[in-house]
Amino acid sequence: MRQKEFGTVYPNITKRYAATTRAPSNIAAIPSWHSTVVLLSSARRMTRLGAIFTLTLSLLALPEALLAQQQLPWTVTPLPGGTDAEYDMTTGTFSGSNGVMVSYGNYVLTAKEAVGNPTTGEVVADGKVRIQQGEQLWVSEHVVYNFRTHQMEAEQFRTGQAPLFAAGKGLHGDTTNRTYTATDAMITGDDTSQPLIKIRAKRIKIIPGRKIEAHQATLYVGNIPVFYFPFYSRNLTEHAGHFNFLPGYRSAFGPFLLASYTWYLNENLDGAFHVDYRGQRGPGVGPDLNYHLGQWGRGTFKYYYTHDADTAADQLGAPIPENRHRIYLSYDANPATNLYVKALVRYESDFAVMRDFFEGEYNRNPQPDSFLEVNKFWQNFSVDAFVQPRVNEFLQTVERLPDIRLTGYRQQIGATPLYYESESSAGYYKQTFAQNAGTNAPLFAPSYEAARADTYHQVLLPETLFGWLNVTPRVGGRFTYYGEASGPGATTDEQYRGVFNTGAEISFKASRVWPGVENKLFEVDGLRHIIEPSVNYVFVPSPSVAPSQLPQFDYELPSLMLLPLDFPDYNSIDSVDSQNTIRWGLHNKLQTKRDGKVTDLLKWDVYADWRLKPRSNQTTFSDLYSNLEFKPRSWLSLESITRYDIDRGDWRMAYHTLTFKPSNVWSWSLGHYYLRDDLTSSPVALGPGNNVVSSTMLYRLNENWGFRMSHYFEARTGTLELQSYSIYRDLRSWTAALSFRVRQNVSGPEDYTVAFTFSLKAFPHYGQGDSVGAYSLLGG
């Protein structure tokens, strides 16, 4: 009995017989298994021609031996334009023509015509056949495919799972180990019918989702054979090993080639191995290891060695050794609840090895430190053990051997309105200054060392008056013990210092909403203004021992921003001195709606200190600080950070950036950084100034081509300090960039660099921004 129009003959089979394993007496034609036919389409009767409907075959009753196996539904759906889909109750087969889709579990087949048997799982498909197996796609004109065993037969085929694609003849599937073999095959990384780079092989084996193996393979660029592989294998997993190459020329290096191989052993260990060569400087090698130990930690080990053939190349005139290397080791673990362990070791053979060969990393952190830190947290307290030895002789370091710190977080004292916070530390410290390269003499002063124990406690009374005014008075005290300082840099006896502090912070927040305000120019849909003034008064009488009489380990460092005023946020323990100061602050925020979301149109913070009784090295007013972020359009933003000297009436520092990003086609960022010469300020000077104008533009010519250029101009000297240009190319499965950079050094000759970067998209070594960035030219 053949049924071509469903929904009227067996409308109740699912309801009546879904749970039975026996054939009902009125359907004797059904064999030892039963099917359910359900129409999921229009309620009105449909004709065969032009019908769009779904035929679902659920194998609900199987022989007893198969009852325990998972039941998966079969779905046969006519594609748009399809005119026929039917099920033969006598033979137990289904068929579709003029466009049909068959799915079983997570596997989907589409073709012009298909005939299948749900019992055996085999489907014969013809005409534009597509089979989707997870992320693997198969394409052919004729396929015999078994949805249950995944065995596949095809005369010609194409298949793809990024990052590789293949095509060939005589496809045969092995159901035992679920592998597929083919002859006269091609492998490529380009998802196109005419790939530029490809491998042709006599025979290939495909293990879906895992790897492709090729025998008697030849690498082609276009139609030109380049290299022969007796055997070639490519991993398709997420962590497939791959090579990266960065060729180029730099005036300080000569021609160079930076090569690395990235590998993956298992979920616990992966890494890379670098083999570099620089024509004027020599070879360089080293491994990178990344280890993952679950709750016992994760980290990275890096070692790099180079035999430098040009030891007179340092632009500062200081000698450098022939054998140069660096060691990097990091460790980060959370072995128990609220217990954290961190360790970092950064050893460098000389002061310039990172600057010369890892420029990007050097610019991010020119003075690396090494330490071991263990933190344990509780609800109201934490303990921190910190050890910081001196690893690099050419860097100034405060050794902490060790530094133990107990922190009491702000917490309520019983049922009272009072709150308590504290911070105590003890350790042994050694101040070691940088050594002059080549002489081993200290650049500033000889070293000194001493023991120190410090404890600070504070009580606060936060109150909200009138329902809107926040007032928090506080009172606290600090006691510090200094052991006898020894060393050529300082000699002091034991010292006991006491410090008292008090003060109060007052603030409130007010807001107003204008829901009807609209402005198309600034993309404004309603406005809300939030204002938060604050006043913070701090009084600290002169400590019992002046800072000049104490060994300095934790002292004030040069800072472009205003340092914290009150304790314990002010943590320069050895520089604590008298204070009688009011800090004024004003926080503004202007918000609107864009795309249905609340967006900050304007954020502006202004603050300054009024010193009621300034010390001898202070002025009555500090600089006036301003931080501004303005976003007049969703694609236009302005950031401004300024520092105005009230006493002198001029700018000490100004930093501005203006960014245009109207689309993903182009973006342009303009910047200006000004810093006044500051060589004598007390207590700390900022150093020589700058007046730099910068510009970075990225433009995508089309989907395949892009261009980027960057410039840094020093207005004081009229010098274009840095200029770089890059042409970016998208090669479907690869990305590439040709870059050129010129840098005018403050001392020494100009530095020219030309480099070509390329990377497989599936295993990117550089992001698009990095691939054309200045530091990626040097592998940093």
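Given the structure is predicted, the values throughout are model-derived calculations rather than measurements.

A few words on the overall build of the protein chain. The helix and strand tally for the protein chain stands at four helices and 47 strands. Scored against the burial criterion, the 780 residues of the protein chain give a buried share of 41%. Taking the intrachain contacts of the protein chain between residues at least 6 apart in sequence as the baseline, contacts between residues at least 24 apart amount to 47%. As displayed, the protein chain has an accessible area near 40700 Å², and 57% of this comes from carbon and sulfur atoms.

Residue Pro402 follows Leu401 across a cis peptide bond; omega there is -10 degrees. With respect to the helices and strands, Pro402 occurs in strand S27 (residues 397-412). A cis amide bond links Phe567 to the next residue, Pro568, at an omega of 0 degrees. Structurally, Pro568 can be placed in the loop between strand S36 (524-540) and strand S37 (579-594). Even without being glycine, Asn338 reaches a positive phi, approximately 60 degrees. Summarising the element assignment, Asn338 is placed in the loop between strand S23 (323-336) and strand S24 (339-348).

Okay, the packing of aromatic side chains next. Scanning all chains against the criterion turns up 26 aromatic pairs. Ring geometry for Trp138 against Phe157: centres 5.9 Å apart, planes inclined by 45 degrees, an arrangement best described as tilted. Here Phe157 lies in strand S12 (residues 152-161) and Trp138 lies in strand S11 (residues 136-146), a separation of 19 residues in the sequence. Residue classification places Trp138 among the buried residues on the basis of a relative accessible area of 2%. Between the aromatic rings of Phe253 and Phe256, the centroid separation amounts to 6.2 Å while the plane-to-plane angle is 90 degrees, which identifies the pairing as edge-to-face. Taken together, the ring pairs connect Trp74, Phe94, Tyr104, Tyr145 and Phe147 into an aromatic cluster.

Rolled over the atoms, a probe with the dimensions of a water molecule shows which regions are left empty. Under the criterion given, the structure shown has three cavities of 30 Å³ or more. Surrounding the second largest cavity, Glu556, Leu565, Phe567, Tyr570, Ser575, Val576, Asp577, Gln579 and Arg615 form its lining. Its residues placed into classes, the lining of the second largest cavity shows four nonpolar, two polar and three charged.

Among soluble globular proteins, nonpolar side chains are generally buried collectively. Formed by 38 residues in total, the largest nonpolar core has its most connected members in Leu109 and Ile204. Leu258, Met354, Phe357 and Ala755 belong to the second-largest nonpolar core, a separate cluster that totals ten residues.

Per-chain confidence: the protein chain averages 83 in pLDDT, with 83% of residues scoring 70 or above. Below pLDDT 50 for its whole length, residues 1-70 participates in 111 contacts with residues either more than four positions away or in separate chains. Contacts of residues 766-772 to residues separated by more than four positions or lying in other chains number 20 contacts, the stretch itself having pLDDT below 50.

A cluster of nonpolar side chains, namely Tyr249, Val665, Tyr699, Leu701, Trp705, Ile727, Leu738, Phe740, Tyr752, Val754 and Phe756, defines an oily patch on the protein surface of about 950 Å² accessible area. For the nonpolar patch, the secondary-structure elements that each account for two or more residues are strand S46 (734-743) and strand S47 (751-760). Looking at the nonpolar patch element by element, the count peaks at three residues for S47. Checked against the element boundaries, Tyr249 lands in strand S18 (residues 242-250).

This brings us to a positive patch on the surface. On the surface, a cluster of positive charge is made up of Lys112, Lys128, Arg130 and Arg158. With respect to the secondary-structure elements, Arg158 resides in strand S12.

A separate point is the pattern of salt bridges. The tally for this structure, following the rule as stated, stands at 39 salt bridges. We note a salt bridge from Arg474 to Asp566, for which the minimum N-O separation is 3.8 Å. In this pair, Arg474 sits in strand S33 (residues 469-482) while Asp566 sits in the loop between S36 and S37, placing the two residues 92 residues apart along the sequence. In this structure, Arg474 and Asp566 share a single accessibility class: buried. Among the charged side chains, a salt-bridge network with shared partners connects Asp623, Arg643, Asp645, Arg648, Asp650, Arg652, Arg676 and Asp678.

Looking now at the environment of Trp604. Mapped onto the elements of the fold, Trp604 is located in strand S38 (residues 597-611). For Trp604, a relative accessible area of 38% translates into the label partly exposed. In this structure the C-alpha to C-alpha distance between Trp604 and Ser626, which are 22 residues apart in sequence, comes to 7.2 Å. For Trp604, the contacting residues outside a window of four places in its chain are Leu586, His587, Asn588, Ser626, Asn627 and Leu628. A distance of 2.8 Å separates the side chain of Trp604 from the side chain of Ser626, its partner in a polar contact.

Let us now look at the pairing of strand S13 (residues 164-174). Pairing of S12 with S13, which is carried by eight bridges, proceeds in the antiparallel orientation. Pairing of Arg158 across the sheet is with Ala167, part of S13. Relative to strand S14 (residues 179-188), S13 runs antiparallel, the two being bridged by seven bridges. By the bridge assignment, Asp174 is partnered in S14 with Thr179.

What follows covers the side chain of Asp574. When you line up the elements, Asp574 lands in the loop between S36 and S37. At a separation of 3.0 Å, a polar atom in the side chain of Asp574 contacts the side chain of Arg452. If sequence neighbours within four positions are ignored, Asp574 has contacts with Arg452, Tyr482, Arg497, Pro547, Leu550, Pro551, Gln552, Phe553 and Asp554.

Let's shift gears to the pairing of strand S19 (residues 254-266). For S18 and S19, the ladder comprises nine bridges, and the chain directions are antiparallel. Paired with Asn244 across the two strands is Ser260, which belongs to S19. Looking at chain direction, S19 and strand S20 (residues 269-278) are connected through ten bridges and run antiparallel. Looking at the pairing, Asn266 lines up with Leu269 of S20. Here S19 hands over to S20 after two residues, the two strands then running antiparallel side by side.

Calculation notes
Residues numbered from 1 in each chain as written. Predicted model: local features only at pLDDT ≥ 70, side-chain atom pairs only at ≥ 80, totals over all residues. Heavy atoms only, no water. Helix = DSSP H or I, 4+ residues; strand = E, 2+ residues; numbered from the N terminus. Buried < 20%, exposed > 50% of the residue type's maximum accessible area, 1.4 Å probe, protein only. Contact = heavy atoms within 4.5 Å. Areas by Shrake-Rupley, 256 points an atom, 1.4 Å probe, with all protein chains shown as cover. Phe/Tyr/Trp six-rings, centres within 6.5 Å; stacked < 30°, edge-to-face > 60°. 1 Å grid on protein atoms, 1.4 Å probe; cavity = no way out; pocket = protein on both sides within 12 Å on 5 of 7 lines; lining within 4 Å. Points joined across faces, edges and corners; volume = space filled by probe spheres on them. Nonpolar A, V, L, I, M, F, W, Y, C, P; charged D, E, K, R; others polar. Core = buried A, V, L, I, M, F, W, Y, C linked by side-chain atoms within 4.5 Å. pLDDT = per-residue confidence, 0-100. Patch = residues over 30% accessible without salt bridge, like charges linked within 9 Å, V, L, I, M, F, W, Y side chains within 5 Å. Salt bridge = Lys/Arg side-chain N within 4 Å of Asp/Glu carboxyl O. Lys, Arg positive; Asp, Glu negative; His and termini not counted. Charge placed at Lys NZ, Arg CZ, Asp CG, Glu CD. Polar contact = N/O pair within 3.5 Å; in protein donor to acceptor, adjacent residues only side chain to side chain. Pairing = 2+ DSSP bridges.

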